[in-house]
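Each chain, letter by letter, is given below.
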Amino acid sequence: MNTLLHTEGLQTGYRSGGRKVLAPGVLPDLQIKAGQLICLLGPNGSGKSTLLRTLAGLQSPLEGSVMIDGRSRLTPAELARQMSLVLSDRVSGSLTVYSLVSLGRYPYSGWLGRLKEEDLKIIETAMITTGVDGFRDRHLSTLSDGENQKAMLARALAQDTPLLLLDEPTAHLDWPSRIQLMRLLHQLAVETNRGILLSTHELELALQIADEIWLLHPGGEFHRGAPEDLVLNGAFESAFARQDVHFDMHTGTFIIPHSKAKPISLEGEGVPAYWTKRALEREGYRVAAGTAHADDAAAASIEPLTTDDHAGSIGPAGAAPSAHVRVLSGTAGPSWCLINGFGEKEYPSITLLLQALQENN
Amino acid sequence: MTPSPSGKMRLTGLLFLLLLAFLLDLSVGPVKIPLSDVFHILFSSSSADKTWAFIIDKIRLPKACTAVLAGCALSVGGLQMQTLFRNPLADPAVLGITAGASLGVAAVMLAGGGMATLFAIKELGLAGSWLITVGSCVGAFGVMFFVLLLSGRLQDNVLMLIIGLMLSSITIAITSIWQYFSNPEEVKEYLLWTFGSLQGVTGLQLLILSIVVVIGLTMAFFSSKMLDALLLGENYARSMGLTIARARVLIVVSTSLLAGAITAFCGPIGFVGIAVPHMTRILFNTASHRILIPACCLMGALLLLFCDIVSQLPGSQTGLPINVITSLIGAPMVIGLLLRKKTLNPF
């Protein structure tokens, strides 16, 4: 693969009042290759933004150099043809989406910004790829956050550079838009052979979509590799570990461990049983192992965990369940039967079941 | 960002209105000259009333031309400052250039009652007003030099804005000290200058003013692509290949020439620079500077001509000072436009 960007002995940081403030830790020499999607992860304050801004040329490195296309110290005009950016700076105002995307052709247009036939074609393609062509005439100030983000991406695509750097592109987006955007970036990396680096807090999405992950630890350690490697060698857990947060290796998600677990037994099948279990766990119950059988075909992808895995963190196991929940599947949808010291009663929804459990306590 | 057909139509409409206002401005005044005679005097030198021809040639035509030049220069200067600083409240005065010009004028007029200057103003007449112009230019360029010197050391445009305001504040303070220690006669003269006037710029002065304004406007037009990029903020602009420092110098020099020249010859005319860019954005509904710059020229010139016409309406010998009229007429217009539009998001 063709290396688009690499660093040599890079030390990031910033100058404050003539004093150098180094970002913690020493970075290895980094590479971004064509066709690669790299996610830059790290908790707040780990130097993610500083690294991204340094690679983007918005900030000069304190030591070492960023080589793009094999050269360092490109002029702004040369750099603009190699790398385009999507920043977290909010751009608003009376600019229309179309004008914004046309600005992507800035490095290629003449001194007055006149666009050629070829430029117009590239602008059109960029707008269709990102799905902003439907609102091309709207002003930026009237766009939602998601639409704004797509328009900024369209502008970067119109710049038509081999490298694309994005600073937290999924912030402010709702879930479907986040997934959509990540899929689009993945597709762009593969189909147009661009090298894409994005910083994000979306651990789960990054795990699913990145070819490589760069992980910055708050202490300055740096890990990189395939996402799966970083999960298995515990790099994720150590980077994000907090006292009250627990990284679940099975799902690649962070979960909130429940400390005061009361035992409860659950019986039922399929998706309703899985979600009942989630509800009970969220309420602080430890669902007795093996009682709830998830139907393999329906729930295999969403239920890889058994309760034993993090039993260690949720208190002593083995106390006898004082209550039992049975998920009944009827023709009109599931219902829930609660059996405890007060007798046996049926509830039409999880909401009512949880209410009853609360009242009984 | 090509001009849309509706944009072109609006520009043509404005141009037509501008011509109309120009002719009307030649016609009104203490001596009313009918429009048909204005045509005669302008396009056929013979067969017209000699007095009227003299009034138009020597007084009203130069004044109308000055109004057009001042309108163009101040509006475009304001537009450039608002975009450079991404601040809807910026105008050509934010860099302290107007204040610098005022200091220069104060130095000439007040000069501690210096005999040399008084002598020059009284004895030389016309040369006296030249002295004021030179003083004003020196003041404006002095401040501009400082701004450019400091801007080379700064990465951030917001810091530039604040430093401009600080320089402005220092300059105004020095002018105030000067006024405080001057005798009332001189202070009154200086105060009259601060009201602004489109009159008295004739002959060689008008030629020089035109040349400087045309240079400034050309530089502004050349910077329109950079201004478009700056709409996205400095980081994006840099990532698109713009050299921020170079763009800043071009924009600051252009604005200084425009605002400095107008202040030198007409006094500090306020309001136009801040209001016309907003009016133009609302009317043309665009952010592209290739349209906004010519449109601002037309709007600014039209507004100043209109204000000059209104200032003649009382029919008195002198007319009201132009600064009073621009605010009295312009401010309600801007408020009206904003109330109709409800939102204004230039940046």
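Below or above, wherever it landed, is the structure these notes cover. (Residues numbered from 1 in each chain as written. Chains lettered and ligands numbered in written order. Predicted model: local features only at pLDDT ≥ 70, side-chain atom pairs only at ≥ 80, totals over all residues. Heavy atoms only, no water.)

## Details of the interface of chain A and chain B
For an interface, size is often stated in terms of accessible area lost upon the parts coming together.
Now for step 1: At the junction of the two partners, chain A supplies 34 residues and chain B supplies 27 residues.
Now for step 2: Together, the buried faces of chain A and chain B total about 2,700 Å²; carbon and sulfur atoms form 60% of this surface.
Now for step 3: Considering only the surface of chain A that becomes buried against chain B, Tyr106, Trp111 and Leu112 of chain A emerge as the three largest contributors, covering 26% of it.
Now for step 4: The interface formed by chain A and chain B includes seven residue pairs in polar contact (both at pLDDT 80 or more).
Now for step 5: Those elements giving two or more residues to the side of chain A that touches chain B turn out to be helix H2 (76-80), strand S7 (83-86), helix H3 (97-103) and helix H5 (145-158) of chain A.
Now for step 6: The greatest single-element share of the side of chain A that touches chain B, amounting to four residues, is contributed by H3 of chain A. (Contact = heavy atoms within 4.5 Å. Buried area = accessible area lost by both parts, 1.4 Å probe. Polar contact = N/O pair within 3.5 Å; in protein donor to acceptor, adjacent residues only side chain to side chain. Helix = DSSP H or I, 4+ residues; strand = E, 2+ residues; numbered from the N terminus.)

## Topic: the sheet that holds strand S1 (residues 3-11) of chain A
Residues and elements named next belong to chain A.
Now for step 1: Spatial ordering of the open sheet is given by S4-S1-S6, a layout of three strands whose pairing is antiparallel. In this open sheet, the two strands that pair with only one neighbour each are strand S4 (31-33) and strand S6 (63-68). For this sheet the average axis-to-axis angle between neighbouring strands, irrespective of direction, equals 5 degrees.
Now for step 2: Taken strand by strand, helix H1 (residues 48-56) contacts S1 and S6, and its axis lies near 120 degrees from that of S1. (Pairing = 2+ DSSP bridges. Axes fitted to C-alpha atoms, helices over the stretch in contact; angles between N-to-C directions.)

## Re a nonpolar patch on the surface
Residues and elements named next belong to chain B.
Now for step 1: Among the surface-exposed residues, Val158, Leu159, Ile162, Leu165 and Met166 lie close enough to one another that they form a single nonpolar patch of about 440 Å² accessible area.
Now for step 2: Note on placement: Met166 falls in helix H7 (residues 157-180).
Now for step 3: Note on Met166: relative accessible area 48%, which makes it partly exposed. (Patch = residues over 30% accessible without salt bridge, like charges linked within 9 Å, V, L, I, M, F, W, Y side chains within 5 Å. Areas by Shrake-Rupley, 256 points an atom, 1.4 Å probe, with all protein chains shown as cover. Salt bridge = Lys/Arg side-chain N within 4 Å of Asp/Glu carboxyl O. Buried < 20%, exposed > 50% of the residue type's maximum accessible area, 1.4 Å probe, protein only.)

## Concerning the pairing of strand S19 (residues 343-347) of chain A
Residue and element names in this part refer to chain A.
Now for step 1: As judged from the five bridges shared by strand S18 (residues 333-340) and S19, these two strands associate in the antiparallel manner. Counted as the bridge partner of Leu338 is Lys345 from S19.
Now for step 2: Hairpin geometry of S18 and S19 is characterised by an intervening segment of two residues between the two adjacent antiparallel strands.

## Quick word on the pattern of salt bridges
Residue and element names in this part refer to chain A.
Now for step 1: Under the definition given, this model contains ten salt bridges over all chains.
Now for step 2: The closest approach of N and O atoms between Glu78 and Arg71, which form a salt bridge, is 3.8 Å.
Now for step 3: Assessed through its relative accessible area of 40%, Arg71 is described here as partly exposed.
Now for step 4: Between Glu202 and Arg178 there is a salt bridge whose closest N-O contact spans 2.4 Å. Here the residue Glu202 occupies a position in the loop between strand S9 (195-199) and helix H7 (203-209), and Arg178 occupies one in helix H6 (residues 175-192), the gap between them amounting to 24 residues. Just as Glu202 is buried, Arg178 falls in that class too.

## Focus: the environment of Ser254 of chain B
All names here are of chain B.
Now for step 1: Of note, Ser254 is situated in helix H12 (residues 244-266).
Now for step 2: For Ser254 and Ala220, which are 34 residues apart along the polypeptide, the C-alpha to C-alpha distance reads 6.1 Å.
Now for step 3: With residues near it in sequence (within four places) discarded, Ser254 still touches Gln80, Gly216, Met219 and Ala220.
Now for step 4: Here the side chain of Ser254 touches Gln80 through a polar contact of 2.8 Å, side chain to side chain.

## Notes on helix H15 (residues 322-341) of chain B
Residues and elements named next belong to chain B.
Now for step 1: If you check H15, its first and last C-alpha atoms are 28 Å apart, about what 20 residues at 1.5 Å a residue would give, namely 28 Å.
Now for step 2: By the burial criterion, the buried members of H15 are Ile322, Asn323, Ile325, Thr326, Ile329, Gly330, Val334 and Leu337.
Now for step 3: Where H15 is buried, its residues touch helix H8 (184-194), helix H13 (272-284) and helix H14 (289-312). (Expected span 1.5 Å × (residues − 1).)

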